[in-house]
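Observations on the three-dimensional arrangement
So you can see what is in the structure, the chains are spelled out below.
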Amino acid sequence: MEDPSGYEFFTPAEAIAYQEELRNRITIKELIKPIKTIAGADISYNKYSEILYAAIVMFKYPEMQVITTSTAISHTSFPYISGLLAFREVPALFIAWNNLYIKPDVLVLDGQGIAHERRTGIATHFGLLTNAVTIGSAKSRLAGKYQEPANSTFAESPMYDKDEQIGVALRSKKNCNPIYISPGHNISIPQSVDVIKNCIRGYRIPEPTRQAHLLVNKIRIEHGDNNTTQLGLFD
DNA sequence: GCGACAG
DNA sequence: ATCTTGTCGC
């Protein structure tokens, strides 16, 4: 498994070429091993800063009680480009991951898995990098067509790219927009959806990524990185 | 050519 | 991604 620390020096064209390579190594299949632990990961940063904060929160599954957490502060100059999110966020997340004493049986990331034009969303990319079992849980759609799921809790609708199913639009909470679930690596689509359903605790966002989001913002504020304005540009 | 476009 | 209070609706 290689080191993602050099991603910030990739050009967008190189990043896309790398995704085309990764694509050939994706494994989507039923996970046999029982899931006893699950973790959520998230990234936070200021709009005008190249400092990234990463957090992972690990839970006992399916009880969903926190076992441990890991955080990291890192830097990147790779910009946010739709479709290339992993090249911006994976390096920081990789540090937090390596700081975990024990790895979770499943990792949920905030973003797509294979529901991506080249099947290489951040969850898939990170799964291939670490050989972890990963699931993508995104708050908005990147790729794929789907019918709007019914307005009831856990209503779901498959997402397709051409004739290939790449994920599921899941109504995790009534009267809320769906979330977009897709396997990252080493797990199937139905199993990914099942696991995410078991992680819903009354909020739209599943507990693993929801708690990771709360923690990563907490450490960012504690670090003093909470400026709301871009300083010294016009006055 | 035009619209869409994870975080 | 982040900033940010109240407010409308189920």
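Residues numbered from 1 in each chain as written. Chains lettered and ligands numbered in written order. Predicted model: local features only at pLDDT ≥ 70, side-chain atom pairs only at ≥ 80, totals over all residues. Heavy atoms only, no water.

An unreviewed UniProt entry lists chain A under the name Endonuclease V, from Mucilaginibacter litoreus. Under the heading Sequence similarities (unreviewed entry), UniProt records this for chain A: "Belongs to the endonuclease V family." Under the heading Catalytic activity (unreviewed entry), UniProt records this for chain A: "Endonucleolytic cleavage at apurinic or apyrimidinic sites to products with a 5'-phosphate." (UniProt positions renumbered as here; feature names shortened; annotations may be inferred.)

**What to know about the pattern of salt bridges**
Between side chains of opposite charge, a pair can form as their charged atoms come close. If you walk through the whole model with that rule in mind, you get 9 salt bridges. Residue K197 pairs with E156 through a salt bridge whose shortest N-O separation is 2.8 Å. Of this pair, K197 sits in helix α4 (residues 189-198) while E156 sits in strand β6 (residues 156-161), and the two are 41 residues apart along the sequence. E207 serves as the salt-bridge partner of R210, at 2.7 Å between the closest nitrogen and oxygen. In this pair, R210 and E207 both sit in helix α5 (residues 207-222), 3 residues apart, roughly one turn of the helix. Residue R210 shares its accessibility class with E207, and that shared class is buried. Taken together, the shared-partner salt bridges in this structure form one network comprising R119, D161 and E164. (Salt bridge = Lys/Arg side-chain N within 4 Å of Asp/Glu carboxyl O. Helix = DSSP H or I, 4+ residues; strand = E, 2+ residues; numbered from the N terminus. Buried < 20%, exposed > 50% of the residue type's maximum accessible area, 1.4 Å probe, protein only.)

**A word on the packing of aromatic side chains**
Summed over the entire model, instances satisfying the criterion amount to 9 aromatic pairs. Here Y7 and F10 contribute two aromatic rings whose centre-to-centre distance is 5.4 Å and whose plane-to-plane angle is 65°, an arrangement assigned as edge-to-face. Residue classification places Y7 among the buried positions, given a relative accessible area of 3%. By relative accessible area, F10 is classed as partly exposed at 27%. Relative to Y18, the ring of F10 lies with its centre 6.0 Å away and its plane at 80°, an arrangement referred to as edge-to-face. Overall, Y18 belongs to the buried group, its relative accessible area being 11%. One residue, R88, lies across the ring of Y45, its end atom 4.2 Å from the ring centre. Directly above the ring of Y203 sits R210, whose terminal nitrogen or CZ lies 3.6 Å from the centroid. (Phe/Tyr/Trp six-rings, centres within 6.5 Å; stacked < 30°, edge-to-face > 60°. Lys NZ or Arg CZ within 6 Å of the ring centre and 35° of its normal.)

**Topic: unusual backbone geometry**
Trans peptide bonds make up the majority, and among non-glycine residues the majority have a negative phi. Going from Y61 to P62, the amide bond is cis rather than trans, its omega being 5°. The phi angle at N131 is positive, at roughly 60°, despite the residue not being glycine. According to the relative accessible area criterion, N131 is exposed, its value standing at 54%. Located in the positive-phi region is F154, a residue other than glycine, with phi close to 75°. Within the element layout of this structure, F154 appears in the loop between β5 (134-138) and β6. Judged by relative accessible area, F154 falls into the partly exposed class, the value being 31%.

**Comments concerning the sheet that holds strand β1 (residues 37-44)**
By way of backbone hydrogen bonds, the strands of a sheet pair with one another, either parallel or antiparallel. Read across the sheet, 8 strands follow the order β3-β2-β1-β4-β5-β8-β7-β6 without closing on themselves; strand pairing throughout is mixed. Each of the sheet's edge strands pairs with one partner strand only, and the pair in question is β3 (65-75) and β6. On average, each strand axis in the sheet is inclined to that of its neighbour by 25°, with strand direction left out of account. Pairing geometry for β5 and strand β8 (residues 179-185), over 5 bridges, is antiparallel. (Pairing = 2+ DSSP bridges. Axes fitted to C-alpha atoms, helices over the stretch in contact; angles between N-to-C directions.)

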